[in-house]
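Summary of the model geometry
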Amino acid sequence: MKEKLLLGKRKVSLVLSFVLVFAGINVLPIRADAASYSYITSATSGVKSHNYWGHDYGYWWSQPVNSYLIKNEQGGFIRVEYKNDSTVYVENWSTDFKLQSSKRIKKELPIFGGFYSGKDNNYIVFGQRNLNEKDSVEVLRVVKYSKNWVRLGQCSVYGANTQIPLEAGSLRMAEAGGRLIVHTCHTMYASSDGLNHQSNMIIFINENTMEQVNIKNPAYASHSFNQFVLTDEEALYFLDHGDAYPREVVLTKSLINNEYSSSRVKIHAIGGSYKNNKNATGLCLGGMIMAKDKILVVGSSVNQKNTNWSEYAQSNIFVTITDKNLSAPVIRQITNYNESSKIYINNPYIVKATDEISYVIWGETNREDDTVIKVARINNNSGNVEYCSQGIFGELSDCEPLYIDGNLVWYTTDFSYPQFYKLNTSRLDSYTWVKPTKKQVKMPVGKKIKKGKAIYKVIGQNTVEYVKAAISGKNISIPSSVTIKNKKYQVVSIAAGAFKNNKKVQKIIIPRTIKRIGSKAFFGCKNLKNIIIKSKFLSSSSIGKNALTGVSQKVKVKVPKKQYKKYKKLLRKKGLSKKAIIKK
């Protein structure tokens, strides 16, 4: 069975904060500069990128991981980072986070899929679109490298019923029995209904010959919005975030010597129905580990018994535990907030320390915009919480934390060099906040800053430009002002191409403060059907060429009453369809 993939709003708060309400304890965290904290090392070299909170996908669908940190067997760490500049960066860092060396790996196809550090070799997956649905098109390429990054070969996947690979999901890999297993996703060739449905996609590759092994997908799920895979000596375990067939978090076991012999179990229910809720599931998956005969899965979810939840409903962290026979999964609640708590829960990670214990780490935000991360120690046999930390200043990213020598290690970037975290798990209670003096910090003109759900550029002493949405959504309200480093800036401009070819946005609210809209700002927004313009400052010279070209012909535009005649003519001149409805 297949269903239509509908695009929707990802509820992602990129500035997270938090009030700790656990076991009756209330703690108000205070944000401070990272330099105040001994467990954070801000590097002054390495490639700059932007990955913080990148693993959070707000109940919709995930995306490929761009940031990786692995232990270097020669000492220190290896950072693998994909930037949207056709390059994969590989860096060697010392144990005290000093850059030792770096190299670049050229992206071989237009889409980056993911990286995997295997036992003897490294692997990177690339992909490309196949919009004409031709079996002769290479849709995926899995490239094999030595541990010293010498290119050793590739496996090319052609056609594979794939229109767009790596669409609306992620990619993870594992090794078993001399094979590389790639668990990812794609939109498929158009069905009889004319739609390109999305599902997971599993590929088996002979690691020696780098040839694809012809094995049918043993864990089909459609849609699948996040994918994980683990192996032991006997079986493969595939985890999928389903929203239609099935509409649940599903774990599938497939025997290594008989991939066609598979069984599956519901790990966590998802309420509502695809018909009513579409792609929204109220749930995020954060990860999966294996400990002896147990499999633990972590995620965040709203109350799935309430089928009428909104995108702002309260969510909580959960861990599910089952044995390798997939019998009787049990759900353990790690947090227990209610709707009045108004705490935004960030997608968690689970990090295995030993066969006996693991650590769950996540971020939370309170109504005062205070930000912390939090760590809970989990008993792997029962799934119970043995310890939960107070709030710790910091941020997470799409770099999955490591457990090394009693420490949780990861890094974040914010259009910056990496900022490394090293939390000693035996000293978590010693990490406290340093209360900062709230002083204004003047940002240089031209500086780009991510604030909330958007990216802004400072263009004046007290003004910023809305550059683009950091997270695509159906409904976007551009704010009239933003506060950055305790200084308030007025939003006066929408950048050229800010929403260019954005197929997700359906409604835009433009505030009173906007004085300029750049060329092609809304070009190609074919699903944009509702625009509310509050600004009275717009003119022919302040709206760029083709700013509204390609917007839905059925769009309804509301403008200020006194500007109706002027704007009606002006907006059509800038590309608005003659069929568009403009009203006061």
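Notes on the structure follow.

Conventions used here
- Residues numbered from 1 in each chain as written.
- Predicted model: local features only at pLDDT ≥ 70, side-chain atom pairs only at ≥ 80, totals over all residues.
- Heavy atoms only, no water.
- Pairing = 2+ DSSP bridges.
- Helix = DSSP H or I, 4+ residues; strand = E, 2+ residues; numbered from the N terminus.
- Axes fitted to C-alpha atoms, helices over the stretch in contact; angles between N-to-C directions.
- Core = buried A, V, L, I, M, F, W, Y, C linked by side-chain atoms within 4.5 Å.
- Buried < 20%, exposed > 50% of the residue type's maximum accessible area, 1.4 Å probe, protein only.
- Contact = heavy atoms within 4.5 Å.
- Phe/Tyr/Trp six-rings, centres within 6.5 Å; stacked < 30°, edge-to-face > 60°.
- Lys NZ or Arg CZ within 6 Å of the ring centre and 35° of its normal.

1. Description of the sheet that holds strand E32 (residues 407-412)
Sheet architecture is open: four strands sit in the order E3-E34-E32-E31, paired in antiparallel fashion. Single-partner strands in this sheet number two, and they are strand E3 (40-42) and strand E31 (402-404). Pairs of neighbouring strands in the sheet enclose a mean axial angle of 25°, with direction left out of account.

2. Focus on the nonpolar core
Judged by nonpolar contacts, the single largest core of 43 residues is most densely connected at Ile494, Phe499, Ile517 and Phe522. Counting only elements with at least two residues in this core, the list comes to strand E36 (454-458), strand E37 (463-469), strand E39 (481-484), strand E40 (487-494), strand E41 (507-510), strand E43 (530-533) and helix H2 (564-573). Sort the elements by how many residues they give to this core and H2 lands first, with four residues. Beyond its immediate stretch of four places on either side in the chain, Phe499 contacts Tyr466, Ala469, Ile476, Ile478, Ile494, Ile508, Ala521, Phe522, Phe523 and Cys525. By size, the runner-up hydrophobic cluster in this structure holds 34 residues, among which are Tyr37, Tyr39, Ile357 and Val375.

3. Notes on the pairing of strand E34 (residues 419-424)
If a strand is regular, its side chains alternate between the two faces of the sheet. Relative to E34, E3 runs antiparallel, the two sharing three bridges. Looking at the pairing, Thr41 lines up with Phe420 of E34. Alignment of E32 against E34, held across six bridges, turns out to be antiparallel. Directly across from Asn407, in E34, lies its bridge partner Asn424.

4. A look at the packing of aromatic side chains
Under the counting rule described, the total for this entry stands at 19 aromatic pairs. Ring centres of Tyr37 and Phe393 lie 4.5 Å apart, and the angle between their planes is 10°; on these two criteria the pair is classed as stacked. Here Tyr37, found in the loop between strand E2 (25-27) and E3, pairs with Phe393, found in the loop between strand E30 (385-388) and E31; they are 356 residues apart in sequence, far enough to count as distant. Judged by its relative accessible area of 4%, Tyr37 falls in the buried class. Seen from their ring centres, Tyr39 and Tyr421 are 6.4 Å apart, and the 40° between their planes marks the pair as tilted. Of the two residues, Tyr39 sits in the loop between E2 and E3 while Tyr421 sits in strand E34, which places them 382 residues apart along the sequence. Residue classification places Tyr39 among the buried positions, given a relative accessible area of 5%. An aromatic cluster is defined as three or more aromatic residues linked by ring pairs; in this entry it consists of Tyr37, Tyr39, Phe393, Trp410, Tyr421 and Tyr431. One cation-aromatic arrangement involves Lys520 over Phe523; the distance from NZ or CZ to the ring centre is 5.0 Å.

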